[in-house]
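Survey of secondary and tertiary structure
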Amino acid sequence: SLTSIGGNLGLLCNGLILESQNLQYVLPIHWNWLGEYPGYRWWSLFLTASTLFYCFVDTGKVLQAASMIAPFVCIICVSLAVAGSGMAVKEHGHIPTSCLESQTPFWWWGPDTSSGSFWGVFLNVAGVSSYCCFCFAVCSMLPPLRYQMENQGRTLPAVRCSFVVSTFLFLLIMISGYLGFGN
C-alpha cells in the first residue's frame, strides 16, 4: 500500500541520517563534499549500499536472521546507553561550573532557547518531533505483517506489548541520559 511505502521511505531516510551522523562522530571522514566539510554525507553515500543490498536479496531470510539477533542487540544497546548515562551522572561533580553556566540550565525540560531565534527553537522542536515519528513509523508496516502472520488475531496484543516495552526502554534511556548529560 502507499502508506507502507511512505512509511518505509521515511524509516530509510531517517535511518540513513541518524546512522551517518553517528558514524561521522565515531569515525570522522575529513573529505570535502562539494566544497564543504560535512563528512556525514559521505557516510550516507556509503550506507546506501546496504539499501541496495535489501533491494536484491530475499528479505524474508534476512529478516528471519535479524529476528534471531535483534533481542541481543537491543539488550546490549540499552545496557550500554544506561551504563554510559550512569557513568556521566557519577562524573557530574567534575564538570567545571563555567560549563554549567549558560542561558539554558543544565537540566531543562523545555526546548533550547539559547539561540534567541524563533526558527532556532522551531528547528530544535522539529528535530525531536521527527525522531519521534521515525520511532513509530513502523506502524505503517503492520498491515503487511498481519497478513503474513499465521494467527492474525495475535497481532494486536503483540503490537501493544511491543509498544509498552519500547516506551519503557525509551523512557529509561531518555531519563538516564538526561540525568547524565543534561539538556
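Residues numbered from 1 in each chain as written. Predicted model: local features only at pLDDT ≥ 70, side-chain atom pairs only at ≥ 80, totals over all residues. Heavy atoms only, no water.

**Regarding the overall build of the protein**
- In terms of helices and strands, the protein carries seven helices and zero strands.
- Mapped from its N terminus to its C terminus, the protein presents α and β elements in the order α-α-α-α-α-α-α.
- Evaluated residue by residue, the protein yields a buried proportion of 16% over its 183 residues.
- Put simply, 58% of the contacts in the protein that link residues at least 6 apart link residues at least 24 apart. (Helix = DSSP H or I, 4+ residues; strand = E, 2+ residues; numbered from the N terminus. Buried < 20%, exposed > 50% of the residue type's maximum accessible area, 1.4 Å probe, protein only. Contact = heavy atoms within 4.5 Å.)

**Re the packing of aromatic side chains**
- Applying the stated criterion to the full structure yields seven aromatic pairs.
- Taking 5.2 Å as the distance between ring centres and 70° as the angle between the ring planes, the aromatic pair formed by Phe118 and Trp119 counts as edge-to-face.
- Its relative accessible area of 59% is what places Phe118 among the exposed residues.
- Consider the rings of Trp119 and Phe122, whose centres lie 5.4 Å apart with planes at 85°: the pair is edge-to-face. One end of the pair, Trp119, and the other, Phe122, are both in helix 5 (residues 118-136), three residues apart, so they sit about a helical turn from each other. (Phe/Tyr/Trp six-rings, centres within 6.5 Å; stacked < 30°, edge-to-face > 60°.)

**Structural notes on the side chain of Ser176**
- Relative to the elements of secondary structure, Ser176 occurs in helix 7 (residues 155-181).
- Of note is the side chain of Ser176, whose polar atom sits 3.2 Å from the backbone oxygen of Ile173. (Polar contact = N/O pair within 3.5 Å; in protein donor to acceptor, adjacent residues only side chain to side chain.)

**Describing a nonpolar patch on the surface**
- A contiguous nonpolar patch, built from Val89, Trp107, Phe170, Leu171, Met174, Ile175 and Leu179 and spanning about 630 Å² of accessible area, is present on the exposed surface.
- In terms of residue count, helix 7 provides more of the nonpolar patch than any other element does, five residues in total.
- Mapped onto the secondary structure, Leu171 falls in helix 7.
- The exposure class assigned to Leu171 is partly exposed, which follows from its relative accessible area of 42%. (Patch = residues over 30% accessible without salt bridge, like charges linked within 9 Å, V, L, I, M, F, W, Y side chains within 5 Å. Areas by Shrake-Rupley, 256 points an atom, 1.4 Å probe, with all protein chains shown as cover. Salt bridge = Lys/Arg side-chain N within 4 Å of Asp/Glu carboxyl O.)

**Some details on helix 7**
- A rise of 1.5 Å per residue sets the reference length of helix 7, with its 27 residues, at 39 Å; its end C-alpha atoms lie 38 Å apart and thus fit the reference within 8%.
- Inspection of helix 7 places Thr155, Val159, Ser176, Gly177, Tyr178 and Gly180 among the buried residues, and these make up the whole buried set.
- Buried residues in helix 7 make contact with helix 3 (59-90) and helix 6 (142-148).
- In the segment just after helix 7, Gly182 is the residue with positive phi, at about 75°. (Expected span 1.5 Å × (residues − 1).)

**A closer look at the confidence of the model for the protein**
- This prediction gives the protein a mean pLDDT of 78; 85% of its residues lie at or above 70.
- Element-level pLDDT for the protein is lowest in helix 6, with a mean of 71, against a maximum mean of 85 in helix 3. (pLDDT = per-residue confidence, 0-100.)

**Re the packing of helix 3 against helix 7**
- Where helix 3 contacts helix 7, the axes come no closer than 7 Å and their chain directions differ by 25°. The orientation of helix 3 relative to helix 7 falls into the category roughly parallel. Once helix 3 is placed against helix 7, the crossing between them reads as left-handed. Facing helix 3, whose interface residues are Cys74, Val78, Ala81, Val82, Gly84, Ser85, Ala88 and Val89, helix 7 presents Leu169, Leu172, Ile173, Ser176, Gly177, Leu179, Gly180 and Phe181.
- Counted by class, the contact of helix 3 with helix 7 contains 11 nonpolar, five polar and no charged residues. (Axes fitted to C-alpha atoms, helices over the stretch in contact; angles between N-to-C directions. Parallel < 35°, antiparallel > 145°, perpendicular 65-115°, else oblique. Left-handed = near helix turned anticlockwise from the far one by under 90°. Nonpolar A, V, L, I, M, F, W, Y, C, P; charged D, E, K, R; others polar.)

**Looking at the state of the cysteines**
- A complete count under the given rule lists zero disulfides for this structure.
- Here Cys74 is not cross-linked by a disulfide; its sulfur's nearest cysteine counterpart is in Cys77, at 7.0 Å.
- Of the residues examined, Cys74 reaches a relative accessible area of 35% and is grouped as partly exposed. (Disulfide = S-S within 2.5 Å.)

**A closer look at the environment of Pro111**
- One can find Pro111 in the loop between helix 4 (97-100) and helix 5.
- By relative accessible area, which is 38% here, Pro111 ends up partly exposed.
- On a C-alpha basis, the gap between Pro111 and Val121 in space is 6.6 Å, while along the polypeptide they are 10 residues apart.
- With residues near it in sequence (within four places) discarded, Pro111 still touches Val121 and Val125.

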